[in-house]
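Breakdown of the fold
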Amino acid sequence: MWVLLRCVYPLRILLSLRGKWMGWRGLPRSLVPGPPRRRYRKEALPALEVPVLPVTATEIRQYLRAHGIPFQDGHSCLRAPSPFLGASQLKDQTGATTSFSLYINKTTGRFLCMTSLAEGSWEDFQASVEGRGDGDREGLLLSEAPGAEDGEEVRRIWDRAVPLWELPEQEEAQLARVMFGLTKVTDDTLKLFGVRYLRPARSLVFPWFSPGGLGLRGLKLLGAEGQGDGVHYVETTIPRPGAYHNLFGLPLIGRRDVEVVLMSRELDCLALNQSTGLPTLALPRGTTCLPPALLPYLEQFRRIVLWLGDDLRSWEAAKLFARKLNPKRCSLVRPGDQHPRPLEALNRGLNLPRILRSALPAWHKSIVSFRQLREEVLGELSNVEQVAGVRWSRFPDLNRLLKGHRKGELTVFTGPTGSGKTTFISEYALDLCTQGVNTLWGSFEISNVRLARIMLTQFALGRLEEQLDKYDEWADRFEDLPLYFMTFHGQQNIRTVIDTMQHAVYVYDICHVVIDNLQFMMGHEQLSTDRIAAQDYIVGAFRKFATDSNCHVTLVIHPRKEDDDKELQTASIFGSAKASQEADNVLILQDRKLVTGPGKRYLQVSKNRFDGDIGVFPLEFNKSSLTFSIPPKSKARLKKIKDDNGLVAKKSSSGKKGAVPRNSETFSGEAPNQPDPSQLSR
């Protein structure tokens, strides 16, 4: 079961009724999906398992022409006749021809037959065209559908759910409408989209029908949990998100519709469709990702408006999705006080058609003046905290210095050999991944099995070898994280690595790539002079990728050999100065060796291009959980160092206790509690 906490809304008008719904959580036992089933596995990132260059659109066109296959060029796919249809399937119920019903993705080469729902890779299509295999459908994959048990579970929940207007008690129906903000959404709209209400779970039920509305394929349940004077919306999908993808509202799309509004929430679909009558669709995982498997269903539209939310993260996701959909046909609704979510706009009495008309084109040839930038600048000034990025939950002192984790930046991380660089950076990335930052790991030094074991231990906050009976529970929660691994090890060609990263950004909407580490990826075959030039080239390639793909890259680099009694500096990074010059952030794991026992570790932020704050704070390693996050009862001392010129001041070498560098500011505070393991799956 995949759960995502949504935004909070006040419930002042429900204070008198709070006792009736406070404490309602999740599904009742009779409807709980039960322990996570082992048959569901996160997609194994097949394109990343073998370092093969992805097929290009030019190669696809050349292949189709060489085999005499006609095709039509679309926005993100090529349309061609489907070889998987019989004579009776060449026409639909209206008699229209469906010969061009095969959609081939221009970027990945994967295909989908919209009529037979057969799908597969580019290699599967080639094998079918060339007659390889023992059958026409050899190697083909049917479009993913719920398993037998999940189908029964979906049907059982759907049969027990009832329309809101059929609830026996009017007070219960009114309470449900107020909790979900549906006071102005009519029964006709709910009936049109097939929305129901599950009384035992106090949840709205949104159906996912197969294309054409021929069968029920999945459900999304939206529950409301009370917290203080507000409500948290909690989503539960059946099947799990990685097992099946669909678009809410797809059966209502007509063949002649040429415009659609794409949204991140089903409730917004109801509000906008009721107000404007336009076709509306909701993405299955909100702003987290736009699976390429859904692109064929959006090919028919000449214009797509993305109205994903009212915060900066939604705006960034909209720009990312527009690149997949072809920016020339996309328009974006900019978040703002006068441009809230459609449901909120409906409840506030705003003019939704006017907001849609204000949508900005996602593509323009060039920026000729400040006029095209002024709204972007205003958005950043109005949303300072959101511009700062995703904040760490385990490293509060890192938030005070870096302010957050931002897309499009390059972070260089270094530290002495044996100081725990991989262990720290795995927790650093895991912290962000648990908050919905899609992460791709490139571990060139240690195996993926060992890395996954470290991260699973950090995720569970304890060693699972001592409690193997809980392994399946934690492993299934860990499996639901948006976390992927490249299978490269040792020396690799930089072009192959960059192509793999670009493929992952397109297919999985990766926002954070971790490369551990640069020296292992380069290998040891080149001479020392050539290695420095090669390293500069690789650092420049990662810098360009981060900027072009709007993806954060964390690059681990070993330092040059230094004396054990000296602390590392920015100049200690191996190679030339290019790595530190290209980087937006430079983090140094300092390991101060002690003669009498283990050393003390500190994390130093020696470069911060976002706002210039640099400093150092202590880390305490917990061997049982393999974590560096500070225990809840200890006090941390954060030193925020900056002189008049913005440079790091030299620390006092007197060695006296309490010595503070000149022109420095010292802050202290309690570290927040470690996250509850039961909440980490959210």
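About the criteria used
- Counting starts from 1 at the beginning of each chain's written sequence and moves along it residue by residue.
- Whole-chain, interface and lining totals are the exception, using all residues; otherwise, since this is a predicted model, local features are given only for residues with pLDDT of at least 70 and side-chain atom pairs are given and counted only at 80 or more.
- Hydrogens and water molecules were not included; the side-chain quantities draw on all heavy atoms of the structure.
- UniProt positions are given in the numbering used here, feature names are shortened, and annotations may be inferred rather than shown by experiment.
- The way it works is that DSSP assigns letters per residue, a run of H or I at least four long becomes a helix, a run of E at least two long becomes a strand, and they are numbered from the N terminus.
- The rule is simple: take the accessible area with a 1.4 Å probe, protein chains only, and divide by the maximum for that residue type; under 20% is buried, over 50% is exposed, in between is partly exposed.
- Here, two residues are considered to be in contact whenever any of their heavy atoms come within 4.5 Å of each other.
- For every accessible area listed, the method is Shrake-Rupley and the probe measures 1.4 Å; residues are considered covered only by the protein chains on display.
- Note on definitions: angles span 0 to 180 degrees between N-to-C directions of axes, and those axes are lines fitted to C-alpha atoms, for helices only across the stretch in contact.
- Each angle gets one of four labels, with under 35 degrees taken as roughly parallel, over 145 as roughly antiparallel, 65 to 115 as roughly perpendicular, and the rest as oblique.
- The nonpolar class holds Ala, Val, Leu, Ile, Met, Phe, Trp, Tyr, Cys and Pro. Asp, Glu, Lys and Arg form the charged class, and all remaining residues, Gly among them, are polar.
- Each nonpolar core is a collection of buried residues, namely Ala, Val, Leu, Ile, Met, Phe, Trp, Tyr and Cys, held together in the definition by side-chain atoms within 4.5 Å.
- Here the rule is simple: two strands pair whenever DSSP picks up at least two bridges between them.
- The working definition used for a salt bridge is a side-chain nitrogen of Lys or Arg within 4 Å of a carboxyl oxygen of Asp or Glu.

Per an unreviewed UniProt entry, the chain is named Twinkle mtDNA helicase, and its organism is Myotis davidii. According to the UniProt record, the Catalytic activity (unreviewed entry) comment for the chain is "ATP + H2O = ADP + phosphate + H(+)".

A few words now on the overall build of the chain. In terms of helices and strands, the chain carries 21 helices and 26 strands. Burial analysis of the chain (682 residues in total) assigns 51% to the buried set. The contacts of the chain with a sequence gap of at least 6 include a subset with a gap of at least 24, amounting to 69%. Taken as a whole, the chain presents about 32000 Å² of accessible surface, with 51% of it coming from carbon and sulfur.

What follows concerns the packing of helix 3 (residues 57-66) against helix 4 (residues 122-129). Any two packed helices are characterised by the angle at which their axes cross and by the distance between the axes. Between helix 3 and helix 4, the shortest axis-to-axis distance is 12 Å and the interhelical angle comes to 10°. Here helix 4 runs roughly parallel to helix 3, going by the angle between their axes. Contact residues: helix 3 offers Ile60, Tyr63 and Leu64, while helix 4 offers Trp122, Phe125, Gln126 and Val129. Considering only residue class, the contact of helix 3 with helix 4 consists of six nonpolar, one polar and no charged.

Examined against the element boundaries, leucine 164 turns out to sit in the loop between helix 5 (148-160) and helix 6 (170-179). For leucine 164, a relative accessible area of 4% corresponds to the buried category. Here the alpha-carbon distance between leucine 164 and arginine 196, two residues 32 residues apart in the chain, equals 6.3 Å. The contact partners of leucine 164, leaving out residues within four places of it in the chain, are Ala173, Ala176, Arg177, Leu182, Leu190, Tyr197 and Leu204.

Formed by 70 residues in total, the largest nonpolar core has its most connected members in Leu306, Met501 and Phe542. Among the elements that line this core, the one with the most residues is helix 18 (residues 494-508), at nine residues. Leave out the neighbours within four places in its chain, and leucine 306 touches Leu262, Ala318, Phe321, Leu325, Cys330, Ser331, Leu332 and Val333.

This part covers the pairing of strand 10 (residues 216-227). Of all 12 residues making up strand 10, 11 are buried, and the element is well covered by its neighbours. Taken together, the seven bridges between strand 9 (residues 203-209) and strand 10 define a ladder with antiparallel strand orientation. Across the sheet, valine 205 pairs through a bridge with leucine 221, a residue of strand 10. Where strand 10 lies against strand 11 (residues 230-238), nine bridges are found, and the strand directions are antiparallel. Each residue of the ladder has a partner; that of glutamine 227, found in strand 11, is glycine 230. Adjacent in sequence and paired antiparallel, strand 10 and strand 11 are bridged by two residues, among which glycine 228 carries a positive phi angle near 65°.

With an omega of 0°, the peptide bond between isoleucine 238 and proline 239 qualifies as cis. Relative to the helices and strands, proline 239 resides in the loop between strand 11 and strand 12 (259-263). That bond from aspartate 516 to asparagine 517 is cis: its omega, 0°, falls within 30 degrees of zero. Considering the arrangement of structural elements, one finds asparagine 517 in the loop between strand 20 (512-516) and helix 19 (518-522).

Per the stated rule, a full pass over the model turns up 27 salt bridges. Linking arginine 199 and glutamate 172 is a salt bridge whose minimum nitrogen-to-oxygen distance equals 3.0 Å. Here the residue arginine 199 occupies a position in the loop between strand 8 (196-198) and strand 9, and glutamate 172 occupies one in helix 6, the gap between them amounting to 27 residues. What makes arginine 199 partly exposed here is its relative accessible area of 31%. Salt bridges sharing partners connect three or more residues here, namely Arg61, Asp73 and Lys106.

Further remarks concern the sheet that holds strand 16 (residues 360-361). Strand order in the open sheet formed by five strands is 13-12-14-15-16, and the pairing between neighbours is mixed. Single-partner strands in this sheet number two, and they are strand 13 (280-282) and strand 16. One ladder, built from three bridges, connects strand 14 (residues 303-307) with strand 15 (residues 330-332); its direction is parallel. Bridge assignment links leucine 306 to a residue of strand 15, and that residue is leucine 332. Across the face of the sheet, helix 8 (residues 266-276) comes into contact with strand 12, strand 13 and strand 14 while running at roughly 175° to strand 13.

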